[in-house]
Amino acid sequence: MTSKAKKERNAANARTVLAYIVLVILAFFCLFFFYILLINASREHVDIQKGFSALPGAAFIKNFVNVAKDANVPVFAGIKNSLIVALLSAGLSCYFSALTAYGLYAYDFKLKKPAFVFIMLILVMPTQVSALGFLRLITKMKMADTIFPLFLPSIAAPSIFYFMYSYMQSSLPMSLVEASRIDGASEFKTFNKIVLPIMKPAMAVQAIFAFVSSWNNYFMPALVLSTQKKKTLPILIASLRSADFLKFDMGKVYMLITIAIVPIIVVYILLSKFIVEGVALGGVKE
């Protein structure tokens, strides 16, 4: 082996080592806050007030029992409500956004461009601007203090629609759609049997984002819900943190936050395989 080849090999090894060092540092910073959360969830309120500790405490079970038995914080009802809202929001937003994107992608009609522009204009409108009108609307429809207004509007999700539309432009050949039409399949059958399997990676990515966004949403549930047993986890966490000084327990707060993070991790683990499959398929050229 020549000296030049040795230098190139050493340089490549050095770059590999440097890349691993950077990845380890990034992984440390990403996981460090989860580690601290778990540590504080296992400590008592008095110990947390003393400051930082890298070692776990002995009050993990105690904090969990205290949270579960707190009559003012119905944690299991909150988990159920948050799961229903987040799952339905993710499912409805992904399916109907993909269906809308397919309609604009696969059909040519006169109002195609204006329709696309109109959806993009809705995208830049903040939720807070329409909150008052939305609250009046659901009050007239007798849906106030119910979970229906928390997931039904997710049927119209402009950001997810734009992502789906862009993904179709790069990954969905019209020849497949035309071949399905020639075979006599209906448009809904074509969409459900041909388009959706191709859209799995995009659906998985947006389902994760939609689930997390709905799970962590505080503004709209706080505006709509008033009954304690109908409230979602973010509202319960906020109510636990706003307790008076004599009832305030940081151990319970950290435990409730830990419980709230678990479903997000589970959803990511379940859907991450579709993202990996999409990356692998995207690397295959025709």
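Presented here is a report on the structure given in the accompanying data block. Note that this is a predicted model, so its numbers are computed, not measured.

Focus on the overall build of the chain
Phase 1: Of regular secondary structure, the chain possesses 14 helices and 0 strands.
Phase 2: Order of helices (α) and strands (β) in the chain, N terminus to C terminus: α-α-α-α-α-α-α-α-α-α-α-α-α-α.
Phase 3: For 286 residues, the compact-globule estimate of 2.2 N^0.38 gives 19 Å, and the C-alpha radius of gyration of the chain, at 25 Å, exceeds that figure by more than 25%.
Phase 4: By principal-axis analysis of the C-alpha atoms, the chain measures approximately 80 × 70 × 30 Å.
Phase 5: In the chain, which comprises 286 residues, the share counted as buried stands at 36%.
Phase 6: Intrachain contacts of the chain at a sequence separation of at least 6 include 72% that bridge at least 24 residues.
Phase 7: For the chain, the exposed surface amounts to about 17,900 Å²; the carbon and sulfur share of it is 70%.
Phase 8: Charge-centre separation for the chain: the mean point of 28 positive side chains lies 3 Å from the mean point of 13 negative side chains.

Focus: a nonpolar patch on the surface
Phase 1: A cluster of nonpolar side chains, contributed by Leu-38, Phe-60, Ile-61, Phe-64, Val-65 and Phe-76, occupies part of the molecular surface with about 560 Å² of accessible area.
Phase 2: The leading source of residues in the nonpolar patch is helix H3 (residues 60–69), at 4 residues.
Phase 3: Along the chain, Ile-61 falls in helix H3.
Phase 4: When its relative accessible area of 61% is taken as the criterion, Ile-61 is described as exposed.

Let's talk about the packing of helix H8 (residues 158–171) against helix H11 (residues 200–215)
Phase 1: Remark: H8 packs on H11, axes separated minimally by 10 Å, with the N-to-C direction vectors making an angle of 165°. Regarding the angle of H8 to H11, the classification is roughly antiparallel. Between H8 and H11 lies a crossing whose hand is right-handed. Listed contacts from H11 to Ile-160, Phe-163, Met-164 and Tyr-167 of H8 are Pro-201, Ala-202, Met-203, Val-205, Gln-206 and Ala-210.
Phase 2: Counted by class, the contact of H8 with H11 contains 9 nonpolar, 1 polar and no charged residues.

Details of the pattern of salt bridges
Phase 1: A full pass over the atoms with the stated rule returns 5 salt bridges.
Phase 2: In this structure, the salt-bridge partner of Asp-47 is Lys-50, at a minimum N-O distance of 3.9 Å. One end of the pair, Asp-47, and the other, Lys-50, are both in helix H2 (residues 45–50), 3 residues apart, so they sit about a helical turn from each other.
Phase 3: Overall, Asp-47 belongs to the partly exposed group, its relative accessible area being 31%.
Phase 4: According to the relative accessible area criterion, Lys-50 is exposed, its value standing at 68%.
Phase 5: Residue Lys-112 pairs with Asp-108 through a salt bridge whose shortest N-O separation is 3.2 Å.
Phase 6: The class for Asp-108 is exposed, based on a relative accessible area of 75%.

Some words on the side chain of Thr-232
Phase 1: Tracing the backbone shows Thr-232 in the loop between helix H12 (219–224) and helix H13 (233–241).
Phase 2: Excluding anything up to four places from it in sequence, Thr-232 contacts Gly-78, Asn-81, Ser-82, Asn-217, Pro-221 and Leu-225.

Looking at the nonpolar core
Phase 1: If you look at the biggest cluster of nonpolar residues, it comprises 48 residues, and the most contacted ones within it are Tyr-102, Met-164, Met-168, Met-199, Leu-233 and Leu-256.
Phase 2: Listing elements by their share of this core, those giving two or more residues are helix H4 (75–106), helix H5 (112–123), H8, helix H10 (187–198), H11, H13 and helix H14 (250–282).
Phase 3: If near-sequence neighbours (up to four positions away) are discounted, Leu-233 is found in contact with Val-75, Gly-78, Ile-79, Ser-82, Trp-215, Leu-256 and Ala-260.
Phase 4: Listed in part, the 10 residues of the second largest apolar core include Val-85, Ile-147, Val-224 and Leu-225.

A short note on the packing of H10 against H11
Phase 1: Following both chains from N to C, one finds H10 and H11 inclined at 70°, their axes separated by 4 Å at the closest point. For the element pair H10 / H11, the angle class is roughly perpendicular. The residues of H11 that touch H10, namely those facing Leu-196, Pro-197 and Ile-198, are Lys-200, Pro-201 and Met-203.
Phase 2: Grouping the amino acids of the contact of H10 with H11 by side-chain chemistry returns 5 nonpolar, no polar and 1 charged.

Thoughts on the packing of aromatic side chains
Phase 1: On inspection of all chains with the given rule, the structure shows 14 aromatic pairs.
Phase 2: Plain terms: the ring middles of Phe-28 and Phe-29 are 5.6 Å apart, the flat faces sit at 70° to each other, and that makes the pair edge-to-face.
Phase 3: When its relative accessible area of 49% is taken as the criterion, Phe-28 is described as partly exposed.
Phase 4: Here a set of aromatic residues connected by ring pairs shows up, and it is made of Tyr-95, Phe-96, Tyr-102, Tyr-107 and Phe-191.
Phase 5: Stacked on the ring of Tyr-107, the Lys or Arg Arg-181 has its end atom at 5.1 Å from the ring centre.

Brief notes about H11
Phase 1: End to end, H11 covers 22 Å across 16 residues, agreeing with the expected 22 Å (1.5 Å per residue, within 8%).
Phase 2: Regarding H11, the residues found buried are Pro-201, Ala-202, Met-203, Ala-204, Gln-206, Ala-207, Ile-208, Ala-210, Phe-211, Ser-214 and Trp-215.

Parameters at a glance
- Residues numbered from 1 in each chain as written.
- Predicted model: local features only at pLDDT ≥ 70, side-chain atom pairs only at ≥ 80, totals over all residues.
- Heavy atoms only, no water.
- Helix = DSSP H or I, 4+ residues; strand = E, 2+ residues; numbered from the N terminus.
- Rg over C-alpha atoms; globule rule 2.2 N^0.38 Å.
- Buried < 20%, exposed > 50% of the residue type's maximum accessible area, 1.4 Å probe, protein only.
- Contact = heavy atoms within 4.5 Å.
- Areas by Shrake-Rupley, 256 points an atom, 1.4 Å probe, with all protein chains shown as cover.
- Lys, Arg positive; Asp, Glu negative; His and termini not counted.
- Charge placed at Lys NZ, Arg CZ, Asp CG, Glu CD.
- Patch = residues over 30% accessible without salt bridge, like charges linked within 9 Å, V, L, I, M, F, W, Y side chains within 5 Å.
- Salt bridge = Lys/Arg side-chain N within 4 Å of Asp/Glu carboxyl O.
- Axes fitted to C-alpha atoms, helices over the stretch in contact; angles between N-to-C directions.
- Parallel < 35°, antiparallel > 145°, perpendicular 65-115°, else oblique.
- Left-handed = near helix turned anticlockwise from the far one by under 90°.
- Nonpolar A, V, L, I, M, F, W, Y, C, P; charged D, E, K, R; others polar.
- Core = buried A, V, L, I, M, F, W, Y, C linked by side-chain atoms within 4.5 Å.
- Phe/Tyr/Trp six-rings, centres within 6.5 Å; stacked < 30°, edge-to-face > 60°.
- Lys NZ or Arg CZ within 6 Å of the ring centre and 35° of its normal.
- Expected span 1.5 Å × (residues − 1).

Purely geometric numbers; function is a separate question.
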